[in-house]
Amino acid sequence: MNILLSIAFVGAWSSGFIGAKLGSGSAPTVTLLMWRFLPLAVVLGVIALTATRASWRGLTPRVLVRQAAVGALSQSGYLLTVYYAIELGVSSGTTALIDGTQPLVAGALAGPLLGLPVSRRQWLGLGLGVTGVAVVTVADAGAGTGVAWWAYLVPFLGMLSLVAATFLDRRSRTDVRPMVSMTVHAVTSAVVFTALAAATSAVTPPASGSFWTAVVWLVVLSTFGGYGLYWLILRRSGVTKVNTLMFLMAPVTAVWGALMFGEPFGTQTVVGLALGLLAVAVVHRGDRHDHHDHHSHHDRDDRHLDDQDRQQPPAPGPFTPRRSGWHRARSSSRRPERPVRATPTAGPGSG
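Predicted model only: the values in this text are computed from it and were never measured.

Describe the overall build of the protein chain, listing the residues and the values that go with them.
Helix and strand counts for the protein chain stand at 13 helices and 0 strands. Along the protein chain, from the amino end to the carboxyl end, the secondary structure elements read α-α-α-α-α-α-α-α-α-α-α-α-α. The buried share of the protein chain, reckoned over its 351 residues, is 46%. Pairs at least 24 residues apart make up 89% of the contacts formed inside the protein chain by residues separated by at least 6 positions. Within the structure as shown, the protein chain displays about 17,600 Å² of accessible surface, and the carbon and sulfur contribution to it stands at 64%.

Can you tell me about the nonpolar core, naming the residues and giving the values?
F9, L32, F37, Y83, Y230 and V242 are the most contacted members of the largest nonpolar core, which totals 66 residues. Residues A85, V90, V147 and A151 belong to the second largest nonpolar core, which totals 6 residues.

Mind laying out the side chain of S92, listing which residues take part and the relevant values?
Checked against the element boundaries, S92 lands in helix α4 (residues 92-100). A polar side-chain atom of S92 sits 2.8 Å from a polar atom in the side chain of E263. In contact with S92, other than residues within four places in its own chain, are F17, I18, T253, G257 and E263.

Before we move on, could you go through the pattern of salt bridges and cite the residues and values that matter?
The tally for this structure, following the rule as stated, stands at 1 salt bridge. Its salt-bridge partner being E263, residue K21 comes within 3.5 Å of it at the nearest N-O pair. With K21 in helix α1 (residues 2-24) and E263 in the loop between α11 (249-261) and α12 (267-311), this residue pair connects regions lying 242 residues apart in the sequence. For the residue pair K21 and E263, the accessibility class agrees, reading buried in each case.

Go over helix α9 (residues 209-237), please, and point to the residues and values.
With 29 residues, α9 extends 39 Å between its outermost C-alpha atoms, agreeing within 8% with the 42 Å of an ideal straight helix rising 1.5 Å per residue. If you look at α9, its biggest bend is around 30°, right at L218.

Account for the packing of aromatic side chains, with residues named and values stated.
All told, the structure shown has 7 aromatic pairs when counted by the stated rule. Both rings, one in F9 and one in W13, keep their centres 5.2 Å apart while their planes meet at 70°; by these two values the pair is edge-to-face. Residue F9 and its partner W13 are located together in helix α1, separated by 4 residues, close to a single helical turn. W13 matches F9 in its accessibility class, with the two residues each being buried. Ring geometry for W13 against Y230: centres 5.8 Å apart, planes inclined by 35°, an arrangement best described as tilted. Of this pair, W13 sits in helix α1 while Y230 sits in helix α9, and the two are 217 residues apart along the sequence. The exposure classification of W13 matches that of Y230, with both residues buried. One aromatic cluster is present, built from ring pairs that chain together F9, W13 and Y230. The ring of F37 is capped by R36, whose NZ or CZ atom sits 4.3 Å from the centre of that ring.

Procedures and definitions
Residues numbered from 1 in each chain as written. Predicted model: local features only at pLDDT ≥ 70, side-chain atom pairs only at ≥ 80, totals over all residues. Heavy atoms only, no water. Helix = DSSP H or I, 4+ residues; strand = E, 2+ residues; numbered from the N terminus. Buried < 20%, exposed > 50% of the residue type's maximum accessible area, 1.4 Å probe, protein only. Contact = heavy atoms within 4.5 Å. Areas by Shrake-Rupley, 256 points an atom, 1.4 Å probe, with all protein chains shown as cover. Core = buried A, V, L, I, M, F, W, Y, C linked by side-chain atoms within 4.5 Å. Polar contact = N/O pair within 3.5 Å; in protein donor to acceptor, adjacent residues only side chain to side chain. Salt bridge = Lys/Arg side-chain N within 4 Å of Asp/Glu carboxyl O. Expected span 1.5 Å × (residues − 1). Bend = angle between axes of the 7 residues up to and from the residue. Phe/Tyr/Trp six-rings, centres within 6.5 Å; stacked < 30°, edge-to-face > 60°. Lys NZ or Arg CZ within 6 Å of the ring centre and 35° of its normal.

This is the structure we're talking about:
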């Protein structure tokens with residue numbers, strides 16, 4: 001079951017880039033995004049007023065404003081740049097690979113921004129990931145597609161917007177339920193994109209079937225499929241499993257885009273994607289190694305304390321602490337900092 005869920009998640013998440021490509025030729029970016037978020041915001045709003053009303057209790061206006069800001073960065077700003085890059089002709093695989101470096105960049109910036117330790121493996125992984133992006137970008141630009149050089153900088157702006165959203169969300173001390181955050185993000189994006197479409201006289205959708213096919217594709221498959229499976233796998237298998245699967249999006253999207261749209265997929269693309277996967281392997285191997293060392297250190301401490309307890313048993317009395325309770329307090333004080341996790345967006349089709 002876990003394997004099937006993982007395959008479905010990778011496919012649904014990657015479909016966001018393909019859906020963006022489907023809709024890019026039939027309407028301007030803001031038109032596609034407006035009509036992609038308006039029905040979603042309405043559906044989620046109705047659900048919030050009926051089925052999930054209890055999840056909103058106790059949330060202050062400050063928390064909701066913070067979630068709106070996170071949504072503006074992780075959805076509006078991020079998706080606008082990704083869709084625009086694809087509209088300019090940047091391949092979906094290249095865009096997905098640039099997007100995929102977000103956890104590496106967030107992990108490396110956790111040191112200067114949050115004061116968390118950053119290992120050499122994380123810096124090495126970031127270097128490999130950036131190298132992979134450079135190789136794929138050069139291959140894409142040299143394929144004779146006629147894309148302007150500055151178009152390849154647009155996805156980087158989206159990735160940085162997603163990084164900013166990650167840190168803004170990470171600094172929040174309030175646990176917001178996924179359905180609540182998803183609703184706030186969708187409503188925020190619907191307002192932003194409707195305003196942009198109105199300002200550019202791009203509100204009216206085209207009558208072409210390809211446009212509405214892309215909208216349905218993005219709402220059903222990418223949002224509810226990708227976002228829903230994200231939280232399901234997160235609850236069942238943990239954040240490491242989810243982050244590992246996210247790095248499969250770039251190669252899957254690159255192959256999908258090559259087969260469906262004839263996007264370039266040569267030796268350089270394969271090398272760049274391989275470097276990206278190697279970067280993930282290096283970082284996650286280091287995380288597992290550090291996690292193992294942390295528990296081994298605790299085990300040695302526990303054995304040492306057991307020896308001390310056997311050699312020098314505490315004198316009985318009313319103020320003698322319970323050994324098990326003291327153990328728990330000691331262990332909790334040594335708990336490592338919570339790692340920075342990528343803000344879930346389900347790719348460009350997320351909501």
